[in-house]
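Survey of secondary and tertiary structure
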Amino acid sequence: MAKKDNKTFEEKVTRLEEIVKILDEDSEPLETQLLLFEEGTKLIHELRQILNNAELKIINISSSTNENPNFS
Amino acid sequence: MEQKTFTVSELTEIIQVLLEGSIGFVLVTGEVSNYKHHQSGHRYFTLKDNKAQISCVMWKQVPLKFQLKDGAKVTVHGKLTVYPPRGNYQIECFNISELGLGDLFIKFEELKKKLEEKGYFDNSRKKPIPSFPLKIGVSTSPSGAGFQDIITTIKRRLPLCTIYFRPTLVQGDGSAEDIVKAINELDKMNLDVIIIGRGGGSIEDLWSYNTEIVADAIFKANTPVISAVGHETDFTIADFVSDFRAATPTASAELVTQITLDRLYQIINENYNSLVASINFNIQQRKSMIDNFEAVSSYKRFPDKISKYIQLIDDFQTRLDNNISKHLKKHKEKTEYLYNLLKSLHPLQPLNKGFALLKHNNHTITVDESLGNYIEIDIIRKNEIANTHILSVKPVTKQT
């Protein structure tokens, strides 16, 4: 279950919510639940890490009409 | 002739005398634009037609009979004056009368009606704004306050985002076309949402956002589009077509960051708490299930059941034992009887009662044989043997 992945923030949140739901429903064997719990806490750690390092990125897309930059 | 050199003030004074003297009082029709009701109470605006414009002022003492606003077609009665500090001329108005709605407003209303009939404004076709967009396209002027407002707001609320900024001409020649291009370019980048906007301005300044090509571009975009044009009171065609209208650029930035960084931390903490609570609860559940197992009646009665079986088995054994000994005893008695019977039938047995056995050379003479066949026989008794000669043999007469 533990593996290096390139999941996006939203995907991680979605997975976390999925795990919370499974544990809440108590529908899986306890052994599976313990593995899921481990995965969930790992996700939480990663998510917090992402938030702690969050920095707004601005990507500039150059406009194609620049001759008369009458911006206002 | 030597050219006279004026100071600026001197020249302006000449212009003032010339203009005010030879033109003076005028009656002018035009469209009101850039109307501003200043804090001082004085009212400033521009009167224009499609070729020219002229500044107007209406002092606060002059009563206004109707609500003056941009786009209104009016006839102004006033005096042409020069304002030396700015070097411009203006009409000081004494009276304004309304002529009907201005051309731009008529155009606006016509286009609005047309697009409305085409279904461009239908709520049913509007795309929902994602609650957690991380890729945000922005089309606005790089130098305007609107862009800074958007950046500052998003940075403060959700720095997790990436802003794809497309610097855009927002007014003047070619601006409508550039806005269309910007929307098309951003739409192709597979973003979560696009904000198109600019700061406030006159109806002319905002006009590009009232064009049909911009409306078409917004309508055809696959990405949800938020319009944030001008101030709260400004409405453009773009606002009606877009999926959501934000009153200002700042409002648009707040709209796309409804889930803030703080809220995300909170969500993660909540998820963590439910995880821990759930797993603990589920473990506890199983513990008590095992504890309860002992209390369950069938489990509890189990030892009783066992002892019952033990008793049953004991009973069986007892019965078995009894039967066997009974059988054994019976067999023993029978055996003893048979043994005695056998013993009594032993050929030597009669010797004990005084009977004798007749033998000839170890051959026992049976009852069916006749003694006449023998000359010499042995008479065997219990304690002695007599060797005898047979003198004569005659049959025994039977007594009745």
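Residues numbered from 1 in each chain as written. Chains lettered and ligands numbered in written order. Predicted model: local features only at pLDDT ≥ 70, side-chain atom pairs only at ≥ 80, totals over all residues. Heavy atoms only, no water.

**Some points on the overall build of chain B**
When helices and strands are tallied, chain B shows 11 helices and 14 strands. Put simply, 60% of the contacts in chain B that link residues at least 6 apart link residues at least 24 apart. (Helix = DSSP H or I, 4+ residues; strand = E, 2+ residues; numbered from the N terminus. Contact = heavy atoms within 4.5 Å.)

**Brief notes about the overall build of chain A**
When its secondary structure is counted, chain A shows 2 helices and 1 strand. Helices and strands appear in chain A in the N-to-C order α-α-β. Expressed as a percentage of the 72 residues in chain A, the buried residues total 32%. Residue pairs in contact within chain A that sit at least 24 positions apart in sequence constitute 61% of those at least 6 positions apart. (Buried < 20%, exposed > 50% of the residue type's maximum accessible area, 1.4 Å probe, protein only.)

**Considerations on the environment of Gly24 of chain B**
Residues and elements named next belong to chain B. As for its placement among the helices and strands, Gly24 is situated in the loop between α1 (8–22) and β1 (25–37). Residue class for Gly24 comes out buried when judged on its relative accessible area of 7%. For the pair Gly24 and Gly78, spaced 54 residues apart in sequence, the C-alpha separation works out to 8.3 Å.

**Considerations on the pairing of strand β3 (residues 53–58) of chain B**
All names here are of chain B. Both strand β2 (residues 43–48) and β3 contribute to a ladder of 6 bridges, which runs antiparallel. Looking at the pairing, Thr46 lines up with Ser55 of β3. Between the antiparallel neighbours β2 and β3 lie 4 residues. (Pairing = 2+ DSSP bridges.)

**Here's the deal with the packing of helix α3 (residues 145–157) of chain B against helix α7 (residues 249–256) of chain B**
Residues and elements named next belong to chain B. Between α3 and α7, the shortest axis-to-axis distance is 8 Å and the interhelical angle comes to 30°. Looking at the two axes, α3 sits roughly parallel to α7. Crossing handedness for the pair α3 and α7: right-handed. Residues Gly146, Asp149, Ile150, Thr153, Ile154, Arg156 and Arg157 of α3 lie in contact with α7, whose contacting residues are Pro249, Thr250, Ser252, Ala253, Glu254 and Val256. Residue composition of the contact of α3 with α7, by class: 5 nonpolar, 4 polar and 4 charged. (Axes fitted to C-alpha atoms, helices over the stretch in contact; angles between N-to-C directions. Parallel < 35°, antiparallel > 145°, perpendicular 65-115°, else oblique. Left-handed = near helix turned anticlockwise from the far one by under 90°. Nonpolar A, V, L, I, M, F, W, Y, C, P; charged D, E, K, R; others polar.)

**Quick word on α3 of chain B**
Between its terminal C-alpha atoms α3 of chain B stretches 18 Å, which fits the 18 Å expected from 13 residues at 1.5 Å a residue. Turning to α3 of chain B, its buried residues are Gly146, Phe147, Ile150, Ile151, Thr153, Ile154 and Arg157 of chain B. (Expected span 1.5 Å × (residues − 1).)

**So, the interface of chain B and chain A**
In this assembly, 46 residues from chain B lie in contact with 39 residues from chain A. Buried area between chain B and chain A, summed over both chains or domains, comes out near 3,700 Å², and the portion from carbon and sulfur atoms is 66%. Broken down residue by residue, the surface that chain B buries against chain A is led by Ile268, Leu275 and Ile279 of chain B, which jointly contribute 17%. Taken together, the links from chain B to chain A amount to 1 salt bridge. Between Asp26 of chain A and Arg286 of chain B there is a salt bridge; the shortest N-O distance is 3.2 Å. Scanning the region where chain B abuts chain A turns up 13 residue pairs in polar contact (both at pLDDT 80 or more). Contributing elements (two or more residues each) for the side of chain B that touches chain A: α3, β7 (162–167), α4 (175–187) and α8 (261–295) of chain B. Considering every element that reaches the side of chain B that touches chain A, the biggest residue donor is α8 of chain B, with 16 residues. Grouping the constituent residues of the side of chain B that touches chain A by class yields 27 nonpolar, 12 polar and 7 charged. (Buried area = accessible area lost by both parts, 1.4 Å probe. Salt bridge = Lys/Arg side-chain N within 4 Å of Asp/Glu carboxyl O. Polar contact = N/O pair within 3.5 Å; in protein donor to acceptor, adjacent residues only side chain to side chain.)

**Concerning the environment of Val62 of chain B**
Residue and element names in this part refer to chain B. As for its placement among the helices and strands, Val62 is situated in the loop between β3 and β4 (72–83). Overall, the relative accessible area of 15% leaves Val62 in the buried class. Placed 32 residues apart in sequence, Val62 and Phe94 show a C-alpha to C-alpha distance of 6.4 Å. Look past the residues within four positions of Val62 in its chain and what remains in contact with it is Arg43, Cys93 and Phe94.

**Notes on unusual backbone geometry**
The backbone phi angle of Asp26 of chain A is positive, close to 60°, even though this residue is not glycine. When you line up the elements, Asp26 of chain A lands in the loop between α1 (9–25) and α2 (30–52). Phi is positive for Asn362 of chain B, which is not a glycine, with a value near 70°. For Asn362 of chain B, the location among the structural elements is in the loop between β11 (357–360) and β12 (363–364). Classification of Asn362 of chain B by relative accessible area gives exposed; the value is 69%.

**Quick notes on the sheet that holds strand β6 (residues 135–140) of chain B**
Pairing is parallel in the open sheet, where 6 strands are placed in the order β1(A)-β7(B)-β6(B)-β8(B)-β9(B)-β10(B). Each of the sheet's edge strands pairs with one partner strand only, and the pair in question is β1 (57–60) of chain A together with β10 (244–245) of chain B. Summarising the sheet, β1 of chain A and β7 of chain B pair through 4 bridges and their orientation is parallel. Following the sheet pairing, Lys57 of chain A is matched in β7 of chain B by Thr162 of chain B. Lying over the sheet, α3 of chain B contacts β1 of chain A together with β6, β7 and β8 (193–198) of chain B, oriented at roughly 160° with respect to β6 of chain B.

Nothing here speaks to function; it is all geometry.
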